[in-house]
Amino acid sequence: MIFWTLFSVCAVAQQFPIPTASPDVIGELALATTVFEDTMSDLARAYGQGYKEMRLANPEIDPWLPGEDSEIVVPNLFVLPDADRKGIVINVPEMRMYVYHADGDGPVVDTYPISIGRQDWVTPHGRALITQKVKNPNWFPPESIREEHAAEGDPLPKMVPAGPDNPLGAHALRLNLPGYLIHGTNKPYGIGMRVTHGCVRMYPKDVARVFEIAKVGTPVHIVNQPFKVGISYDKIFLEVHPHLQEDNEIFSDHYSIVIKLVLERLAGEDVQLRWPDVRRALKDKSGVPTVIGVRSSS
């Protein structure tokens, strides 16, 4: 089933238990209304979402002038990535992080929107570890970034001290991938866009929470999954995001890729798929999990 909630306040859950009856899908979709001054960036930040995922879920809404009392979808429903459910999982095309940990009654997962690297500064894929946690970090921009800024008439010093002008924000987690960090920002309205030099950027409040949870040595798995398939209460969900532009060739036959994912996830089970819904999800690429079939309960 898909759960809907009507929000009248700027709050959505970011932590979810992982129930055995619904192991792959967390959260709920929500409806909210705008005020005249809102932009899509304002709405994304208010509801703990990224800019792009709010745009994809609300394609008919003007991102700059949503208007007064416009109804918007808050896409707070997610199929969990196909990855080990421990530590941190980052799904790059989704621009979202999943943090697995224990909290009182059992295993939970926190999820947060992120920004990733631009096409010319891609965020890497693969496995990593957190090697250091730094509060109020100084920033030592690499020479390549200093050259880029100098060419744009915005020269950078060799060291940017901690403070309001530091683009790393107040928290940074270093990875054993040289030059790559998970960090906050002094420009939170860019979350959910391809705007970084390869690092993973988060809202200040979100990175503060991850900084608290994650320990040195926490595994970080960075995956590239624009298509996710999951089961919830015998319903089969497909979540589709636009793939990264540089991956056009890899994901050119997206229909065959999705069918392979469905067959692998449901191997040996009796299922009924609704092919028109599969095609519609692939066409819309809304980032919102869609029911594409059912699993036999026998």
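Before reading on, note that the structure itself is shown above.
1. Quick look at the packing of aromatic side chains
Here comes step 1: Under the definition given, this model contains two aromatic pairs.
Here comes step 2: Centroid distance F78 to Y98: 6.3 Å. Interplanar angle 85°. Geometry classified as edge-to-face. Here F78 is found in strand β6 (residues 77-79), whereas its partner Y98 is found in strand β8 (residues 96-102), with 20 residues between them in sequence.
Here comes step 3: Relative accessible area serves as the criterion here: at 1%, F78 is assigned to the buried category.
Here comes step 4: By relative accessible area, Y98 is classed as buried at 0%.
Here comes step 5: Arranged with centres 5.7 Å apart and planes meeting at 90°, the rings of F227 and F251 form a pair that is edge-to-face. Within this pair, whereas F227 is found in strand β17 (residues 227-232), its partner F251 is found in the loop between β18 (235-240) and α5 (254-265), the two being separated by 24 residues in sequence.
Here comes step 6: Its relative accessible area of 6% is what places F227 among the buried residues.
Here comes step 7: Judged by its relative accessible area of 9%, F251 is buried.

2. As for α5
Here comes step 1: Counted at 1.5 Å a residue, the expected span for α5 with its twelve residues is 16 Å, and the 16 Å between its end C-alpha atoms agrees.
Here comes step 2: If you check which residues of α5 are buried, you get V258, I259 and V262. The arc enclosing the buried residues of α5, seen along the axis, measures out at 100°, which places them on a common side.

3. Considerations on the sheet that holds β8
Here comes step 1: Strand order in the open sheet formed by nine strands is β2-β9-β8-β7-β16-β11-β12-β13-β15, and the pairing between neighbours is mixed. Two strands lie at the open edges of the sheet, namely β2 (15-17) and β15 (200-201), each paired on one side alone.
Here comes step 2: Examined bridge by bridge, β2 and strand β9 (residues 107-113) share three bridges and lie antiparallel to one another. Looking across to β9, one finds that P17 is bridged to V108.

4. Overview of the environment of P167
Here comes step 1: Among the structural elements, P167 can be located in the loop between α3 (143-151) and β12 (171-175).
Here comes step 2: Sequence separation of P167 and Y98 is 69 residues, and the distance between their C-alpha atoms is 23 Å.
Here comes step 3: The residues touching P167, leaving out its near neighbours within four places in the chain, are W139, V160, H183, G184, T185 and N186.

5. Some thoughts on the side chain of S115
Here comes step 1: Positionally, S115 belongs in the loop between β9 and β10 (116-117).
Here comes step 2: With a relative accessible area of 0%, S115 lands in the buried category.
Here comes step 3: In this structure the side chain of S115 is engaged in a polar contact, spanning 3.1 Å, whose partner is the backbone nitrogen of G192.
Here comes step 4: Polar side-chain contacts of S115 include one of 3.4 Å to the backbone oxygen of M193.

6. Details of the sheet that holds strand β20 (residues 290-295)
Here comes step 1: Judged by pairing direction, the sheet is antiparallel, and its four strands sit side by side in the order β17-β18-β20-β19 without closing on themselves. Strands with a single pairing partner mark the edges of an open sheet, and in this sheet they are β17 and β19 (271-273). Here the average twist between neighbouring strands, direction ignored, is 30°.
Here comes step 2: In this structure, β17 lies alongside β18, joined through six bridges in antiparallel fashion. Pairing of S232 across the sheet is with K235, part of β18.
Here comes step 3: Packed onto the sheet, α5 meets β17, β18, β19 and β20 and runs at close to 30° relative to β17.

7. Things to note about the pattern of salt bridges
Here comes step 1: As enumerated under the stated definition, the model contains 15 salt bridges in all.
Here comes step 2: D84 serves as the salt-bridge partner of R127, at 3.8 Å between the closest nitrogen and oxygen. Of this pair, R127 sits in strand β11 (residues 126-135) while D84 sits in the loop between β6 and β7 (87-91), and the two are 43 residues apart along the sequence.
Here comes step 3: Using a relative accessible area of 57% as the deciding quantity, one classes R127 as exposed.
Here comes step 4: For D84, a relative accessible area of 40% gives the class partly exposed.
Here comes step 5: In this structure, a network of salt bridges that share partners links the residues D24, R85 and R265.

Procedures and definitions
Counting from 1, residues in each chain are numbered in the order their sequence is written. It should be noted that, the model being predicted, local features are given only for residues of pLDDT at least 70 and side-chain atom pairs only at 80 or more, the latter also being counted only at that level, while totals for whole chains, interfaces and linings use all residues. Side-chain numbers come from the whole structure's heavy atoms, not from hydrogens or water. Aromatic contacts are taken between Phe, Tyr and Trp rings whose centres are within 6.5 Å, Trp giving its six-membered ring; a plane angle under 30 degrees counts as stacked, one over 60 as edge-to-face, and the others as tilted. In this description a helix means any DSSP run of H or I spanning at least four residues, a strand means any run of E spanning at least two, and both kinds are numbered starting from the N terminus. Using a 1.4 Å probe on the protein chains alone, a residue whose accessible area is under 20% of its type maximum counts as buried, one over 50% counts as exposed, and one in between counts as partly exposed. Helix span, expected: 1.5 Å multiplied by one less than the number of residues in the helix. Read the arc as the range of directions from the helix axis to the C-beta atoms. Strands are labelled as partners when DSSP assigns at least two bridges between them. In this analysis, two residues are considered to be in contact whenever any of their non-hydrogen atoms come within 4.5 Å of each other. Under this definition, polar contacts are N or O atom pairs within 3.5 Å; protein pairs additionally need one hydrogen-donor-capable and one acceptor-capable atom, and for neighbouring residues in sequence, both atoms have to be side-chain atoms. Note on definitions: angles span 0 to 180 degrees between N-to-C directions of axes, and those axes are lines fitted to C-alpha atoms, for helices only across the stretch in contact. We define a salt bridge as a contact between a side-chain nitrogen of Lys or Arg and a carboxyl oxygen of Asp or Glu at a distance within 4 Å.

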